[in-house]
Amino acid sequence: MPLIQYACLPTARMEMFYSAMRYPDLAVLDFSMNGHALYNYGSLPWLSEQVVSRQSYSTHMTELDIALGDTGRLRRAAEELREKGFRQAFLMPSSVASVLGLDLKALCEELSGPNFTLFTAPARMDADFFAGSEQLSLALARQFARPEEKAGKSGFCLLGGFFSSASGHDNAYITEAIEGALGIPLAFDNLNPRSILDWRRAATAQVNVVTSQSALKAARFLQERFGVPYFEWFPLGKAAQDAALQGLSALLKKEYVLRTDAVYDAVALQARNVIAFAGKPLACYGDIDRIRLMQALFRELGVQAEYICSHKNAAGLPVSSIDECIARFQAEETVLLSYDSVCEHVPHSVSIDRTGLEYALLTPLRRMRTGVEGAYRVLEKLVDVLLRMMQ
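Residue indices follow the written sequence of each chain, beginning from 1 at its first position. Where totals are concerned, whole chains, interfaces and linings use all residues; where local detail is concerned, this predicted model gives features only for residues with pLDDT of at least 70, and gives and counts side-chain atom pairs only at 80 or more. Note: side-chain values were computed over all heavy atoms of the structure, leaving out hydrogens and water.

**Considerations on the sheet that holds strand 12 (residues 349–353)**
Move 1: Strand pairing requires that DSSP identify at least two bridges connecting the strands. By the criteria applied, helices consist of DSSP H or I runs no shorter than four residues and strands consist of E runs no shorter than two, each listed in order from the N terminus. Taken in spatial order, the four strands make up an open sheet running 10-9-11-12, and their pairing is parallel. Strands at the two margins of the open sheet, each flanked by one partner only, are strand 10 (306–309) and strand 12. Within the sheet, the average angular offset between the axes of one strand and its neighbour, ignoring direction, is 20°.
Move 2: In this structure, strand 11 (residues 335–339) lies alongside strand 12, joined through four bridges in parallel fashion. Considered in strand 12, the bridge of Ser338 is made with Ser351.
Move 3: What makes two residues a contact is simply this: any of their non-hydrogen atoms within 4.5 Å. To define axes, lines are fitted to C-alpha atoms, for helices over the stretch in contact only, and angles between the resulting N-to-C directions are given on a 0 to 180 degree scale. Set on the sheet, helix 11 (residues 288–301) makes contact with strand 9 (282–286), strand 10, strand 11 and strand 12; between it and strand 9 the angle comes to about 150°.
Move 4: The sheet contacts of helix 12 (residues 322–329) involve strand 9, strand 10 and strand 11, and relative to strand 10 the element is tilted by about 150°.

Now the structure itself:
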């Protein structure tokens, strides 16, 4: 469906741009055509949960530069960033550079020097936000993760999540769950960093907790290079959270005491009964991380659902665009659990994620999208929709 009516998800370049902007000491440089570079993103920062600061720069190519393959503007821009005091800079991948056959990685190595590092990350120009996050995480791990002198193994790191969603709020809840249950401190959260050099802690952590499949390649690199184990964390619901905490505690050789929760059991039973009595089909549409969370919750409840992914994925799930998803479920009696930008166009729907395409105030009261509290939030909304459909 090339014609878009409602919305499209962020591209790889957009996800890389917004993710890189999280690091206050990292300059972001786009070397592309005037009108194609970061000038286009000027109206988008207000859609994000983070204010874009003054660390983003563009150096555009003229028609003559393109015709001659001239990279002089990029060289001068790198020197100016160095003069402004930046010690690290990320060069955005560009379709123009690809068409011209420019080796951006080689240019970065050439333009780097003492006290200044310029690096880039590969991205196919038709790639989606998931691929962009995956490649940037791997590039950051390769570039900055290295053991600090005399640093011992300490704490855990959170790797994963998308800037264009509310993943940062998820990571805050995950931190509370792990610190409270296992008593080990957070060393680094890649969605809430203080410096790009925080990545060094991922090389000396006790464990890297992967909260998104987009960070798996980075976690595997860190394990192979520095011997730091990683653990995948995708719990939604009590059964999934208990299993995750048990697995993580076993990896760290710590004890985790499993506790019963009569309130949660009662709520889960109520939800299961309403879903069965309503008899309405359920479908989930989102990124692979959100799909895995919903699969865990519905597996605990013994509920069947259809799962559709918003991007290419290794799980073999069917892929659909936002417009295709909306067009299908607008006319069906299916209850759809999906992004907010999809749900506003589907009559029977439950919002379980945000795309950054619509602005909403993200208060802590709305952040729980994982663990037990995340399950409460989803089930409460789902049951409300089903009860209204039965009236």
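**With respect to the packing of helix 1 (residues 12–20) against helix 6 (residues 129–144)**
Move 1: Where helix 1 contacts helix 6, the two axes come as close as 7 Å, and the packing angle between them is 45°. When the axis of helix 1 is compared with that of helix 6, the two are oblique. Note on packing geometry: the crossing formed by helix 1 with helix 6 is right-handed. Contact residues: Ala12, Glu15, Met16, Ser19 and Ala20 in helix 1; Phe129, Gly132, Ser133, Gln135 and Leu136 in helix 6.
Move 2: Ten residues, namely Ala, Val, Leu, Ile, Met, Phe, Trp, Tyr, Cys and Pro, are considered nonpolar, four, namely Asp, Glu, Lys and Arg, are considered charged, and the remaining ones, Gly among them, are considered polar. Along the lines of polarity and charge, the residues of the contact of helix 1 with helix 6 split into five nonpolar, four polar and one charged. Angles are sorted into four bins: roughly parallel if under 35 degrees, roughly antiparallel if over 145, roughly perpendicular if 65 to 115, and oblique for all others. Throughout, a crossing is termed right-handed when the near helix is turned clockwise from the far one, and left-handed when it is turned anticlockwise from it by less than a right angle.

**Thoughts on the packing of aromatic side chains**
For any pair of aromatic rings, the description rests on two quantities: the centre-to-centre distance and the angle between the ring planes.
Move 1: Think of it this way: a Phe, Tyr or Trp ring, Trp meaning its six-membered ring, pairs with another when their centres are within 6.5 Å, and the plane angle makes it stacked under 30 degrees, edge-to-face over 60, tilted otherwise. Evaluated as defined, the whole model comprises eight aromatic pairs.
Move 2: Aromatic side chains Tyr57 and Phe86 sit 6.0 Å apart centroid to centroid with 80° between the ring planes, which places their arrangement in the edge-to-face category. Residue Tyr57 is found in strand 2 (residues 56–61), and its partner Phe86 is found in the loop between helix 3 (72–83) and strand 3 (88–91); the two are separated by 29 residues along the sequence.
Move 3: Each ring, one from Phe119 and one from Phe144, has its centre 5.2 Å from the other, and the planes form 80°; the classification is edge-to-face. Note that Phe119 is positioned in strand 4 (residues 117–120) and Phe144 in helix 6, a separation of 25 residues in sequence.
Move 4: Think of it in three bands: with a 1.4 Å probe and only protein chains considered, a residue is buried below 20% of the maximum accessible area for its type, exposed above 50%, and partly exposed in between. In this structure Phe144 comes out as buried when scored by relative accessible area, which is 4%.
Move 5: One aromatic cluster is present, built from ring pairs that chain together Phe90, Phe119 and Phe144.

**Some details on the environment of Phe90**
Move 1: When you line up the elements, Phe90 lands in strand 3.
Move 2: Looking at Phe90, the relative accessible area reads 0%, which means it is buried.
Move 3: Taking the C-alpha atoms as reference, Phe90 lies 8.5 Å from Asp30; in sequence the two are 60 residues apart.

**A look at the layout of surface pockets**
Move 1: Its volume calculated, the second largest pocket comes out at about 510 Å³.
Move 2: Space inside and on the surface of the protein is sampled on a 1 Å grid over the protein atoms alone, with a cavity defined as a set of points where a 1.4 Å probe fits but cannot get out and a pocket as an open set with protein on both sides within 12 Å along at least 5 of 7 lines; lining residues have an atom within 4 Å of a point. In terms of lining, the second largest pocket is formed by 24 residues, of which the most central are Lys105, Phe119, Thr120, Ala121 and Pro122.
Move 3: Ranked by the residues each element gives to the lining of the second largest pocket, the list is headed by helix 6, at five residues.
Move 4: Its residues placed into classes, the lining of the second largest pocket shows 13 nonpolar, seven polar and four charged. Grid points are joined across faces, edges and corners, and a volume is the space filled by probe spheres set on the points.

**Brief notes about the environment of Ser212**
Move 1: Along the polypeptide, Ser212 turns up in the loop between strand 7 (207–210) and helix 8 (216–226).
Move 2: Each C-alpha atom of the pair Ser212 and Leu159 lies 7.2 Å from the other, and the pair is 53 residues apart in sequence.

**Concerning the environment of Arg87**
Move 1: Mapped onto the elements of the fold, Arg87 is located in the loop between helix 3 and strand 3.
Move 2: Put simply, Arg87 and Ala27 are 60 residues apart on the chain and 8.5 Å apart in space, counted from C-alpha to C-alpha.
Move 3: Those residues in contact with Arg87, other than ones at most four positions away along the chain, are Asn115, Phe116 and Thr117.
Move 4: Pairing of N or O atoms within 3.5 Å defines a polar contact, subject to two protein rules: one partner must be a possible hydrogen donor and the other a possible acceptor, and residues neighboring in sequence count only if both atoms are side-chain atoms. At a separation of 3.1 Å, a polar atom in the side chain of Arg87 contacts the side chain of Asn115.

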